[in-house]
Amino acid sequence: MTTIGLTPRDVARELARRYSTMTHDELDVLESILVPMKFQKGEFIIKEGEICKNIYWVVKGLVRQFYFKNGKDLTEYMATENTICMCIESLFREKPTNLQIVALEPTIIYALPKAALEQQAIKNVNIQMLYRKILEESLIFSQIHADMLRFESAQDRYAKLVKRNPQLVLRAPLVYIASYLQMTPETLSRVRTSALLEDKD
């Protein structure tokens, strides 16, 4: 699926294909609640202290979710095309978030406002299914990432990221990839060099 010049209808179809079966009328409903958003490189999608009110579907670009701890800037998550991004605790508790989301490239996003999505989910089982599947995917991905950090070596963490999202490895600054994988840039550099040498063997 191309990520350039997508209409709201295209995005609704892709979301339905990925998360739930939908009729023509249900696609109309989903399309009607999608909100297109554009961000320049370095522009914030969510800032610390704001309340996250949307689920974000990245159509084009690269975004980074991060937070500050003991004066350090730590990467929580990064998303490329055809990926969901949100501050899930803020979204559901409707409280200010400690996280921030920023565009690392010129980025196009379609927002799914939580209020509108829940309103339609009450009336429509397939939109309810889509909503549930998005949340399931997000929670499962968070658990997989947490387990990876807890149990796997630096080499295995990097290898998994390369396999799961090669575009992210190619496009994101190394300092952010290192932070996301909870290793120093120096360790990441050694791991990358080792992986390249293995590929040549």
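Computed from a prediction, not measured in an experiment: that's the story for all the values here.

The rules behind these values
Per chain, the residues get numbers from 1 upward, laid out in the order the sequence is written. Two thresholds apply to this predicted model, a pLDDT of at least 70 for residue-level local features and 80 or more for giving and counting side-chain atom pairs, whereas whole-chain, interface and lining totals are computed over all residues. Heavy atoms throughout the structure, all of them, feed into the side-chain values; hydrogens and water do not. Salt bridges are defined by distance alone: a side-chain nitrogen of Lys or Arg within 4 Å of a carboxyl oxygen of Asp or Glu. A helix here means a DSSP run of H or I that spans at least four residues, while a strand means a run of E at least two residues long, and both kinds are numbered starting from the N terminus. Interaxial angle, 0 to 180 degrees, is taken between N-to-C directions of lines fitted to C-alpha atoms, where a helix line uses only the stretch in contact. Oblique is the label for every angle not falling under 35 degrees (roughly parallel), over 145 degrees (roughly antiparallel), or within 65 to 115 degrees (roughly perpendicular). Whether a crossing is left-handed or right-handed is set by the direction in which the near helix is turned from the far one by less than a right angle, anticlockwise for left-handed and clockwise for right-handed. Should any heavy atoms of two residues lie within 4.5 Å, those residues are counted as being in contact. Here a strand pair is declared whenever DSSP counts at least two bridges between the two strands.

Describing the pattern of salt bridges
Right, on to step 1. Summed over the entire model, instances satisfying the criterion amount to 15 salt bridges.
Right, on to step 2. Among the ionic pairs, Asp10 bridges to Arg13, the shortest N-O distance being 3.7 Å. With Asp10 and Arg13 both in helix α1 (residues 8-19), this residue pair falls three residues apart, about one helical turn.
Right, on to step 3. Where Arg171 meets Glu81, a salt bridge forms, and the shortest distance between an N and an O atom there is 2.9 Å. Residue Arg171 is found in helix α7 (residues 166-171), and its partner Glu81 is found in the loop between β5 (72-79) and β6 (83-85); the two are separated by 90 residues along the sequence.
Right, on to step 4. Here the salt bridges share partners, and the residues they tie into one network are Arg9, Asp28 and Glu31.

Re the packing of helix α4 (residues 114-123) against helix α5 (residues 125-151)
Right, on to step 1. The geometry of α4 relative to α5 is characterised by a closest axis approach of 6 Å and an angle of 135 degrees between their N-to-C directions. Considered as vectors, α4 and α5 are oriented oblique to each other. As for the relative orientation of α4 and α5, their crossing is left-handed in sense. Packed against α4, whose contacting residues are Lys114, Leu117, Glu118, Gln120, Ala121 and Lys123, the element α5 presents Val125, Ile127, Gln128, Leu130 and Tyr131 at the interface.

Here's the deal with the sheet that holds strand β1 (residues 35-39)
Right, on to step 1. One open sheet holds the four strands; their spatial order is β1-β8-β3-β6, and the pairing between them is antiparallel. Edge strands, defined here as strands with exactly one partner in the open sheet, are β1 and β6. Taking each pair of neighbouring strands and ignoring which way they run, the sheet shows an average axis angle of 35 degrees.
Right, on to step 2. With six bridges connecting them, strand β3 (residues 54-60) and strand β8 (residues 107-113) associate as antiparallel partners. Across the sheet, the residue bridging to Val58 is Ile109, located in β8.
Right, on to step 3. Docked against the sheet, α4 engages β3 and β8, running at close to 50 degrees with respect to β8.
Right, on to step 4. Across the sheet, α5 is in contact with β3, β6 and β8; its angle to β3 comes to roughly 80 degrees.

Topic: the pairing of β5
Right, on to step 1. With seven bridges connecting them, strand β4 (residues 63-69) and β5 associate as antiparallel partners. From the neighbouring strand, Phe66 faces β5, where its bridge partner is Thr75.
Right, on to step 2. Here β4 hands over to β5 after two residues, with Asn70 in that stretch at a positive phi of 50 degrees.

Examining the sheet that holds β4
Right, on to step 1. Ordered in space as β2-β7-β4-β5, the four strands form an open sheet in which the pairing is antiparallel. If you trace the sheet from one side to the other, it starts and ends with β2 (44-46) and β5, each paired once. Neighbour-to-neighbour, the strand axes of this sheet turn through a mean angle of 35 degrees, independent of strand direction.
Right, on to step 2. When β4 meets strand β7 (residues 100-103), the two strands line up antiparallel, connected through four bridges. Its bridge partner being in β7, Gln65 is matched across the sheet by Ile101.

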